[in-house]
Amino acid sequence: MSELFGPLQAAGPVAAATDDTAWLQALLDSEAALAWALADRGIIPETHAGAIAAACRAELYDAREIGAAAVDIGNPAAPLVRALTARVTDREAAGSVHLGATSQDIMDSAAMLIAARALDALEADLSACADLLAELTRQHAATPQVGRSLLQQALPVTFGLTAAGWLSSLGAAADQLDRVHRSRLAAQLGGAVGTLASLGDSGTDVMEAYARRLGLTAPELPWHTDRSRISELAGALGTVSGVVAKIGRDLTLLAQTEVGEVGEDGAAGGSSTMPHKRNPIAAVAAVAAAAQAPGLVATLLSASGHEQQRAAGSWHAEWRPLTELLRSTGAAVHWLRESLSRLQIHPARMRGNLALTGGLLMAERVTAALTPALGRLAAHDAVTDCARRVRPDSAAFGDLLAAHPLIAGHLDRSRIDALLEPSAYLGSAPTFVQRALSAHEQGRIRTRRMRGGGDGGPGSLAGTRATRAVTVHHLDDGDPGGIPVVLINALGSTLEIWSDYVQPLQDSGFRVVRYDARGHGDSPVPAGPYGLADLGADLEALLNRLEIEAAHLVGVSLGGMTALWLARYRPERVRGLVACCTSARPGNAERWRERAAQAGAQGMRAIAEGSVERWFTPEWRAEYPETTRHMRDLTTDTPAHGYAACCAALADLDLSGELPHITAPTLVLSTVQDPAFPPEHGRLIADRIPGARLEILDGAAHLGPTERPDLFLPPILDHLRGAQ
């Protein structure tokens with residue numbers, strides 16, 4: 001291997017399993033196994049086999065010398081046999097070295113050992129890649145994303161479906177490779193022309209013992225000119241490389257500056273001349289390694305026609321490309337694992353790209369809605385006419401649809417807006433995601449059973465829905481050594497609502513952590529519905545990731561409920577608690593279900609206006625119209641599925657019976673003008689939490705901390721300082 005290019009192109013554990021030392025050891029292991037097989041059948045004494053095996057250690061031989069000597073006979077097995085014979089201290093035992101075999105037997109068996117050992121390492125990396133892809137699929141099952149065809153925007157998908165496609169193809173390639181690994185890597189022992197004549201009547205018995213000693217399959221007959229095993233191995237490795245190349249290429253395309261939907265974390269990926277560059281270098285390296293496979297596979301297939309009882313050149317042509325194919329595939333999978341392990345996903349950018357064309361990618365859905373009334377061709381032509389008239393300086397697509405004389409008579413503006421909502425046009429994507437996750441989990445169970453690890457136990461499919469924590473997007477500001485304060489946002493908002501609190505809290509010595517709840521902002525959107533336990537698990541996982549043992553929690557509305565949950569069920573993680581404009585029993589389950597259904601059917605634009613009316617007083621909205629519009633946009637940009645799934649968490653929620661178990665110092669802040677959770681909701685919380693204090697503030701509505709930080713910040717700071 002090259003010391004200059006090896007770290008890139010021969011990366012990962014497969015490289016060590018295919019180097020010169022590994023090959024030497026595989027050749028020697030084949031000779032040792034032959035000696036023991038001969039002893040097993042009583043052809044040589046066990047003491048002779050032991051003496052031969054004792055000399056079969058790669059460190060006793062010089063690969064350079066063996067290679068140089070190979071030029072006189074055409075393969076390295078023959079000079080190694082001479083060197084091994086000379087190394088055996090028992091001279092009588094030395095006479096039994098290589099008995100009954102020919103050089104091709106040892107070379108082919110060693111090649112199978114090299115393959116088996118390399119595949120052990122490669123399959124471990126493949127399994128890790130599959131697990132990482134499954135987690136991406138689970139966490140982003142409902143994260144909306146643009147689906148692209150011919151590199152152009154086509155229809156909406158979810159990033160979970162994108163990852164599910166990667167997962168499914170990688171699983172199929174891994175299954176194919178596993179089949180070859182388990183059943184097609186066979187020992188080779190045929191003697192000079194495949195008859196094992198020198199072993200007399202013991203030939204087949206020795207061959208079976210030889211295979212058993214090597215841990216390889218025993219073939220029906222010698223395969224020295226039947227290279228289908230090599231061809232199948234090459235094909236399986238090529239398939240794996242092809243899948244890796246597809247995933248890696250997708251990642252590099254999604255990481256483009258103009259797309260920006262994923263990226264690789266870490267310091268790697270810079271440029272020698274451009275300081276701003278952060279290239280997805282692990283994905284790039286995976287693609288580069290995988291690109292070597294087609295040529296190597298072609299070489300092995302072209303060399304598969306071995307003439308008569310031993311090929312003149314075709315056999316010799318296999319050794320290096322087989323080694324390089326194992327090595328390059330191993331490097332490709334290694335680099336894919338590296339890329340996936342440090343991959344950053346940007347859901348907000350995905351939604352921005354969905355909105356880039358102003359609804360054009362939903363033209364198919366509008367056509368389908370018009371077809372019953374107009375017929376397919378007339379509907380297609382009318383929608384196409386509107387789509388072609390969209391320009392940067394023209395009316396938006398929705399406006400053009402609403403003004404079209406043929407369309408306007410059948411679809412009003414509210415219906416058009418609903419049809420242009422991407423999250424409501426995902427077809428069978430949720431089912432396909434679930435199938436991919438189930439197939440992956442079943443594959444893991446089969447693997448554990450085959451390896452004696454059990455069936456995964458009850459609930460092994462748990463987690464294919466939202467039953468485990470997700471990796472939420474967060475910001476971490478202030479002194480890392482300061483006492484941490486976690487700010488938790490409301491339904492339909494993002495961590496941005498706490499912007500006015502960061503600097504004052506930092507100035508008071510606190511470490512300030514904000515995050516987007518699942519289904520919101522730049523956090524993943526797993527399949528719903530969610531429960532409050534899911535939201536609490538996300539918060540606890542964030543604390544674990546940041547290595548925060550315990551923190552103050554400040555939450556508003558749904559964020560306050562999440563804080564109450566953690567304080568109740570993970571009291572050791574909570575130093576102090578501030579519950580703002582929230583409730584332990586939000587009530588009216590039917591209202592929450594209706595709101596969830598509205599978000600799913602019509603999108604978030606229909607939800608946003610009602611949200612800002614509840615969030616802020618009329619006076620504030622009139623005084624700050626631009627900020628009001630921006631806050632409305634936060635809700636509009638919230639993934640509909642995430643919003644609806646969080647509504648489900650509120651529908652039947654009742655924490656009132658759990659409140660007496662909360663031990664953290666607690667401050668409850670309510671506002672007189674809160675239309676969602678009036679002061680009686682705060683009073684119930686304060687009355688039931690031992691020692692809790694209630695303050696009712698005047699001059700703000702439901703999103704009081706955002707509307708009036710001047711009212712909320714002083715009591716929050718006083719409480720946090722007192723709860724140290």
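For the structure itself, look to the data block above.
All values derive from a computational prediction rather than experimental measurement.

Chemist: I'm lost on unusual backbone geometry in this one. Help?
Modeler: The phi torsion of most residues other than glycine is negative, and most of the peptide bonds are trans. Following glycine 528, the chain continues to proline 529 via a peptide bond in cis, the omega torsion being 0 degrees. With respect to the secondary-structure elements, proline 529 resides in the loop between β7 (510–515) and α23 (532–545). Phi is positive for histidine 98, which is not a glycine, with a value near 70 degrees. Examined against the element boundaries, histidine 98 turns out to sit in the loop between α7 (91–94) and α8 (103–139). In this structure histidine 98 comes out as buried when scored by relative accessible area, which is 17%. The backbone phi angle of leucine 151 is positive, close to 70 degrees, even though this residue is not glycine.

Chemist: Explanation requested: the nonpolar core in the structure shown.
Modeler: Across soluble globular proteins, you tend to see nonpolar side chains buried next to one another. Leu84, Val88, Leu185, Tyr210, Leu251 and Leu326 are the most contacted members of the largest nonpolar core, which totals 119 residues. The element best represented in this core is α8, accounting for 19 residues. When sequence neighbours within four positions are dropped, the list of residues in contact with tyrosine 210 reads Ser30, Ala33, Leu34, Ala37, Asp105, Ile106, Ser109, Ala187, Gln188 and Leu189.

Chemist: Just checking my understanding: could you explain the pairing of strand β6 (residues 483–488) for this structure?
Modeler: Regular strands have side chains that alternate between both faces of the sheet. Here β6 lies mainly inside the structure; five of its six residues are buried. By the bridge criterion, six bridges tie β6 to β7 in an arrangement that is parallel. Opposite isoleucine 488, over in β7, you have tyrosine 515 as the bridge partner. Between the parallel elements β6 and β7, the chain passes through helix α22 (residues 499–507) in a crossover that is right-handed. When β6 meets strand β8 (residues 551–556), the two strands line up parallel, connected through four bridges. Bridging from a neighbouring strand, valine 485 pairs with histidine 552 of β8.

What counts, and at which threshold
Residues numbered from 1 in each chain as written. Predicted model: local features only at pLDDT ≥ 70, side-chain atom pairs only at ≥ 80, totals over all residues. Heavy atoms only, no water. Helix = DSSP H or I, 4+ residues; strand = E, 2+ residues; numbered from the N terminus. Buried < 20%, exposed > 50% of the residue type's maximum accessible area, 1.4 Å probe, protein only. Core = buried A, V, L, I, M, F, W, Y, C linked by side-chain atoms within 4.5 Å. Contact = heavy atoms within 4.5 Å. Pairing = 2+ DSSP bridges. Right-handed = clockwise from strand over helix to strand, strands pointing away.

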